Amino acid sequence: MVLQRRKPVPVWGWASPGEKVTVQFLGAGPLRQTKTAKADKDGKWLIRLDPTEAGGPYQVVVSGAKNTLTLDDILVGEVWICSGQSNMAFAVNRSVNAEAEKKNAHFPQIRHFKVPLEKSLTPKDDISGGEWQITTPETVGTFSAVGFYFGRELYNRLQVPIGLVTTSWGGTQIESWISREAMNSFDEFKDHVANMPVSLEELNKSRKKKLDEVIIQQQGGFPDAETVKSWSEPSLNDSNWQTMAVPDYFDLKSLAGLDGVVWFRREFTLPAQWENQSMVLNLCSIDDIDRTYVNGVKVGESTQKVPEGRTYLIPPNVLKAGKNVIAIRIEDHGVLGGFSGKAEQLKISRDTYEQPLAGDWKYRVEASVDNKQFTGANVAGTVLYNAMVAPLIPFAMQGVIWYQGESNAQRAYQYRKAFPLMINDWRKQWGANFPFLFVQLASYNAFGGNSEKGSPWAELREAQALALTTVPNTGMAVTTDLGESNDIHPKNKQDVGKRLAYNALKLVYQQPIVPAGPVYQSHQVSGNKVTLTFGETGSGLSTPDKYAYLKGFEVAGSDQKFHWAKAEVQGNKVVVWSEQVSQPVAVRYGWADDNLEANLYNMEGLPAAPFRTDTWKGITEEKRFK
């Protein structure tokens, strides 16, 4: 493992009540330490080793009345906690140039520990497993990519051992990572805390009951086997079935959390010249299993999810001129269920004929299954803090790197308070004002958001950036240029790790380095032009565009309607204007879910953070955690 240098190092555990425990740190000469402790009435004990400079390998020997534990190959260096959701959990195996990265991963002084995925409504003392791994071509593939590339940059610059403790869970909201104590201190979370169940099992039982009550209210109950037999037939009267837009996941909509079986039906009209001819039915990817009928005839089924979608041949003599009916039975075994592909993948076609099938479909639930689906990582606040953070405290470390926010985009305004709440909560629990470095959301076309219709992702990025001014000892890595419009998990994690490391090198290790790209400071209006002033300009402002065109800027007048603006660098300032706005009052830059076009940098090659000069109402202001 790696222990934190230059700080007291807590070593703790459990023994018989009252048992004397001796901890020996076996370094060379004056580095040798011996500490003793006595287990309390609950059997808990803790000692703190004296601060030590970087080095090793050392040995720690822990002995009690009847047994001895020996820990070998211990290094002392810099330890960082790596936390967040899927983009932090994202493994080196999936990053760009993964094979080359693994081949060259000979770093015996970089070690990684992955905390097992667990949930709890009460704080745990310990984790259920996990092990420290030395970085080799064989092991590094499963490491957090952001964590590893961050650690590698620190190692190359500092030449001391690096320890990385990854505690992250994909798709998780920030509320799950906050302690009950902190949540209860925030008025907007108090009701949630007051209504927390005693156990996750109790929570699952009550929420499953509520879901089934909704289904019963919608359709009058669950059908028997004989009734279901008629659901594929074209003659069935489905006028009393519910309606849902397809493609989409049914368990994210009106059937939130459902695992089980749902039927979907849709009519379409076939021109007479195509009657009785075979055709191809293209269905998008479906979670998990489907059985598909056309006019009561089974045309195909699949027992596993296929990313590229399903393709079934409709035999001759099945399709009729006029009304035809498609019926699809979808069986969801867990997590997400329903149509997960793209609208253009849903169609019937042959030669020049094509009938799109995306849009409203009728649906009805056949069965609702209890898969303990209401015990997930987002079912309640605190559940991940309790199981994946609390057991790590008070492990000595230098700081935290954090990559999360995608799951909170729809509550971006509340994130302005929830994010600092969590940072301060962790610091309070550890009893240290450690540095907290985080990744601002990359570009991704999540909701098609922009200045015209509002952008949840832009508002979440703004909430993240605000933490730099409201919470001391923080740093932010801007990643607008590293995103992928159609992938929420961009593969370039090398630059993400580097940009986090630049923040650490400047903030923590006082190295002479520019840690970030340009940051908006102020503006001045003169006629139809707005002059913007920036900080963190490094050696100067620049753009990689070969014609020096700046993109991503918008201006608006008092009507609050934004227009794309022309922009140019003038020294350490940027001047923006639009011929359509004679009296500008506001400027925005990179204000969209997908803001890949934004291209203002400093000479060090670090991108400017997105910003706006206005404080006009956002689309997430009223959204709250429930």
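Each chain carries its own residue numbering, running from 1 in the written order of its sequence. Residues qualify for local features only when their pLDDT is at least 70, as the model is predicted, and side-chain atom pairs are given and counted only at 80 or more; totals for whole chains, interfaces and linings, by contrast, use all residues. Excluding hydrogens and water, the side-chain figures rest on all heavy atoms present in the structure.

Enquirer: Which residues make up helix α5 (residues 187–194), and what values go with them?
Expert: Relative accessibility thresholds used throughout: buried, under 20% of the residue-type maximum; exposed, over 50%; partly exposed, between the two (1.4 Å probe, protein chains only). A run of H or I in DSSP becomes a helix once it reaches four residues, and a run of E becomes a strand once it reaches two; helices and strands are each numbered from the N terminus. Listed as buried for α5 are F189, H192 and V193. One side of α5 holds all its buried residues, which, seen down the axis, span an arc of 100°. Projecting away from the buried face of α5 at angles above 90 degrees are the exposed residues D187, D191 and A194. Two residues form a contact once any of their heavy atoms are found within 4.5 Å. In this fold, the buried residues of α5 make contact with α4 (180–184) and α9 (412–430). Picture the helix axis, draw a direction to every C-beta atom, and the arc is the one those directions span.

Enquirer: Just give me the short version of the packing of helix α3 (residues 145–158) against helix α11 (residues 494–507), but keep the residues and values in it.
Expert: Contact pair α3 / α11: the axes reach a minimum separation of 7 Å and the direction vectors enclose 50°. What the angle tells us is that α3 and α11 run oblique. Once α3 is placed against α11, the crossing between them reads as right-handed. The residues of α11 that touch α3, namely those facing V146, Y149, F150, R152, E153, L154, R157 and L158, are Q494, V496, G497, K498, L500, A501, Y502, A504 and L505. Where helices are involved, their axes are fitted lines through C-alpha atoms of the stretch in contact, as for all axes, and angles between N-to-C directions lie from 0 to 180°. When an angle is under 35 degrees it counts as roughly parallel; over 145 it counts as roughly antiparallel; between 65 and 115 it counts as roughly perpendicular; any other value is oblique. A clockwise turn of the near helix away from the far one marks a right-handed crossing, whereas an anticlockwise turn of less than a right angle marks a left-handed crossing.

Enquirer: I'd like to hear about the sheet that holds strand β27 (residues 529–535), residue by residue, with values.
Expert: Strand pairing is assigned whenever DSSP detects at least two bridges linking the two strands. If you walk across this open sheet you meet the four strands as β26-β27-β32-β31, and the pairing is antiparallel. Of all the strands in the sheet, just β26 (519–526) and β31 (566–570) have a single pairing partner and so form its edges. The mean angle between the axes of side-by-side strands here comes to 25°, regardless of whether they run parallel or antiparallel. As paired strands, β26 and β27 are joined by seven bridges and run antiparallel to one another. For S526, the partnering residue across the bridge sits in β27 and is K529.

Enquirer: Would you mind going over the pairing of strand β20 (residues 347–350) in detail, with residue names and values included?
Expert: Strand direction decides the pairing type here: strand β13 (residues 279–283) and β20, joined by three bridges, are antiparallel. When the sheet's bridge partners are listed, V280 is paired in β20 with S349. Bridge analysis of β20 against strand β21 (residues 353–356) gives four bridges, and the strand direction is antiparallel. Counted as the bridge partner of S349 is E354 from β21. Counted along the chain from β20 to the antiparallel partner β21, the turn is two residues long, and its residue D351 has a positive phi close to 50°.

Such coordinate-based values are descriptive only and should not be taken to indicate function.
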